[in-house]
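Given next are the chains, with one letter for each unit.
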Amino acid sequence: MEILTRLATEVEAGEADLARATTGEALTAGRSAEEVLKQGLLAGMAVVGERFRRREIFLPDVLLAARALHAGLAVLQPLLEGAGVPSAGRVVLGTVQGDLHDIGKNLVGILLRGAGFEVVDLGTDVAAERFVDAAVEHGARVIGMSALLTTTRLGMRDVIAALRTRGLAGKIRTIVGGAPVDPGFAREIGADAYAFDAASAVDEVRALVARP
Amino acid sequence: MRRVIVFPVEESRADSDAVLRRLGLPEDREPSERVLRLLDAALECFSEQASPIGMLEEVSREEMARILPGHGQNEAQTVLDRVLPRADRVALFAATVGEPVCAHIRHLVAGPEAPAGFFLDAVASEVTARLADRLAERFAERDVWHPDGGRGRDGEPARVLPYSPGYCGWHTSGQRALFARLQPAEIGVTLNASCLMAPIKSVSGVLVEGTAQTHRFRPDFPFCARCATRDCLDRMRSVGGGGDAWKS
């Protein structure tokens, strides 16, 4: 089996030790860091994301695959920084002010990294202005917001309002998600996108970044 | 009367199937060996790191009716507005699994062993949620105040359910009035300015005791349309209401 195909398979299977070893093997064999990243690690994670979306595999499998991806990335990271390999885009993530739930957001972060995005994770209980400040500071194209209570999701509207006030609406796009969030609410508050779950979040972020 | 209850960790073991459900694994899916190993490791880690503890204090319905409005941010009507008038007894409660396990979860999720962190998080969430139920059982026991041994009005079995701020119309800021009255800092649970509890794996609210009828309500509040879980139906069923209990 071609070495990068093998690496992708090892990521899909969640074999962290093998993925780490094969990443090193591929580099030794002369493959570039960018090739190993895109055709090996990210290719495997793309299959995982698609199977997760189709409900063929579930969160525990995704987590194991992400661990394998991380194992390979740990070998690649120094080379990637030196090679100036562009990412798919930069995303600021956070759970809105007043809310502490973060598992969904953390999973979105894992899948976005697996899809080649750089993620700036602000954690939980994030004030509206902090989302915007972080997006500006890090040059992020997308702000992703999570909430798990009907009482806290209104914080998402505050972030969108802050973007408008600072003339950044349309330049920095927003995506929202979480149990009390639905497409109607997303439209109501003026979000650019809504994600039903972590898998669809990756697709939506790709679409947002691709917009002019 | 106030009660602080230390739950032995060996009695606080999470149900494995419930943890897997929290992780998104459907009931009809067999977990792989690797998933089961991660689960076992998480259960073991939890038993080493966690210190489950809870407290409850009985208050009058009238006092609870003064606590419930909080800072005026509730929905126009909450589920408790319907349930409380039918309650026999009411107690404020708080519980936590402790900060060490929460800190360990954060440490794991931030590093290369993130899967272990997610599994431990699911275990901790499951146990935390069940702490409210276990406090409800203790409240129903009535071993301190009454000789009835868990009987309520007219000799019917006492049905106790927990209700928490942040759900069913009761705003999360309602925790401020609750915490001011209960003072759960005694068991290490505090509230920050954004009404987030620390440790993060904590739960608070009110225990309502009554009959099965006490907890029945029609889920037709405006906020019900936005609810993704509808676990009120399971809760009503759990106290003997049946699937369509609210219709009776």
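What counts and what doesn't
Residues numbered from 1 in each chain as written. Chains lettered and ligands numbered in written order. Predicted model: local features only at pLDDT ≥ 70, side-chain atom pairs only at ≥ 80, totals over all residues. Heavy atoms only, no water. Helix = DSSP H or I, 4+ residues; strand = E, 2+ residues; numbered from the N terminus. Rg over C-alpha atoms; globule rule 2.2 N^0.38 Å. Buried < 20%, exposed > 50% of the residue type's maximum accessible area, 1.4 Å probe, protein only. Areas by Shrake-Rupley, 256 points an atom, 1.4 Å probe, with all protein chains shown as cover. Contact = heavy atoms within 4.5 Å. Pairing = 2+ DSSP bridges. Axes fitted to C-alpha atoms, helices over the stretch in contact; angles between N-to-C directions.

Asker: Looking at this structure, I do not really get the overall build of chain B. What am I missing?
Answerer: Assigned secondary structure in chain B consists of eight helices and seven strands. For a compact globule of 248 residues, the expected C-alpha radius of gyration is about 18 Å, and chain B comes in at 18 Å, within 12% of that figure. Principal-axis analysis of the C-alpha atoms places the extent of chain B at approximately 50 × 40 × 40 Å. Taken across its 248 residues, chain B has 52% of its residues classed as buried. Summed over all atoms, the accessible surface of chain B reaches about 11,100 Å², with 49% contributed by carbon and sulfur.

Asker: Looking at this structure, I do not really get the overall build of chain A. What am I missing?
Answerer: Secondary structure assignment for chain A yields nine helices and five strands. When the helices and strands of chain A are read in sequence order from the N terminus, they spell out α-α-α-α-β-α-β-α-β-α-β-α-β-α. Relative to its length of 212 residues, chain A is compact, with a C-alpha radius of gyration of 18 Å against a globular reference of 17 Å. Out of the 212 residues belonging to chain A, those deemed buried represent 54%. Counting only contacts in chain A whose residues sit at least 6 apart along the sequence, the fraction spanning at least 24 positions is 71%. Accessible area of chain A: about 8,700 Å², with a carbon and sulfur share of 54%.

Asker: Explain the pairing of strand β4 (residues 159–163) of chain B to me, please; I cannot follow it from the model alone.
Answerer: Consecutive residues of a regular strand have side chains that alternate between opposite faces of the sheet. Residue and element names in this part refer to chain B. Burial analysis of β4 places four of its five residues in the buried class, the great majority of the element. Pairing analysis gives five bridges linking β4 to strand β7 (residues 202–210), with the strands arranged antiparallel. Within β7, the position partnered with Arg159 by the bridge is Gly210.

Asker: Please clarify how the sheet that holds β7(B) should be interpreted in this entry.
Answerer: The pairing of strands in a sheet happens through backbone hydrogen bonds and is either parallel or antiparallel. Residues and elements named next belong to chain B. Reading across from one edge, β1-β2-β3-β7-β4 is the order of the five strands in this open sheet, with antiparallel pairing throughout. One side of each edge strand has no neighbouring strand; the edge strands of this open sheet are β1 (2–6) and β4. Each strand axis lies, on average, 25 degrees off the axis of its neighbour in the sheet, ignoring direction. Here eight bridges tie strand β3 (residues 89–96) to β7, and the two strands are oriented antiparallel to one another. Looking across to β7, one finds that Thr96 is bridged to Ser202. Lying over the sheet, helix α6 (residues 114–141) contacts β1, β2 (53–59), β3, β4 and β7, oriented at roughly 145 degrees with respect to β3. Helix α7 (residues 174–182) contacts β1, β2, β3 and β7 of the sheet and is inclined by roughly 95 degrees relative to β3.

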